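Descriptive structure summary
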Amino acid sequence: MDFQIGDKVIHWTYGLGEVVHIEDKVIHGSPTNCYVVRTPDMTIWIPIDHQRQSSLRIPTPPEEFDKLLQS
């Protein structure tokens with residue numbers, strides 16, 4: 001999934017955050033395109049890797065919770 005600057009996201013370890021920038025970082029000697037995500041406690045860089053599952057997802061909309069609770 002592609003995220004844009006301003007998107008609210010959930011990181012599987014650090015929780016709710018917002019994509020505040022997209023930039024290149026050198027990781028293991030190679031330039032890597034990363035999402036810059038600001039959480040309430042820190043800023044993290046998440047490599048954008050379309051080949052494997054990302055550690056980011058969009059928050060579940062409230063109406064989806066309503067559907068689950070009605071089942």
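These remarks concern the structure in this document. It should be emphasised that the depicted structure is a prediction, and the values quoted were computed from it without experimental measurement.

1. Side note on the environment of Ile46
- Relative to the helices and strands, Ile46 is located in strand E4 (residues 43–47).
- Spatially, the C-alpha atoms of Ile46 and Glu23 are 10.0 Å apart, while their sequence positions differ by 23 residues.

2. Some points on the environment of Val19
- Mapping Val19 onto the fold places it in strand E2 (residues 15–27).
- Residues Val19 and Asp7 lie 12 residues apart in sequence; the distance between their C-alpha atoms is 5.5 Å.
- Sequence-distant contacts of Val19, that is, excluding residues within four places in its chain, are made with Phe3, Gln4, Ile5, Gly6, Asp7, Val9, Tyr35, Val36 and Val37.

About the criteria used
- Residues numbered from 1 in each chain as written.
- Predicted model: local features only at pLDDT ≥ 70, side-chain atom pairs only at ≥ 80, totals over all residues.
- Heavy atoms only, no water.
- Helix = DSSP H or I, 4+ residues; strand = E, 2+ residues; numbered from the N terminus.
- Contact = heavy atoms within 4.5 Å.

As far as function goes, none of this settles anything; it's purely spatial.
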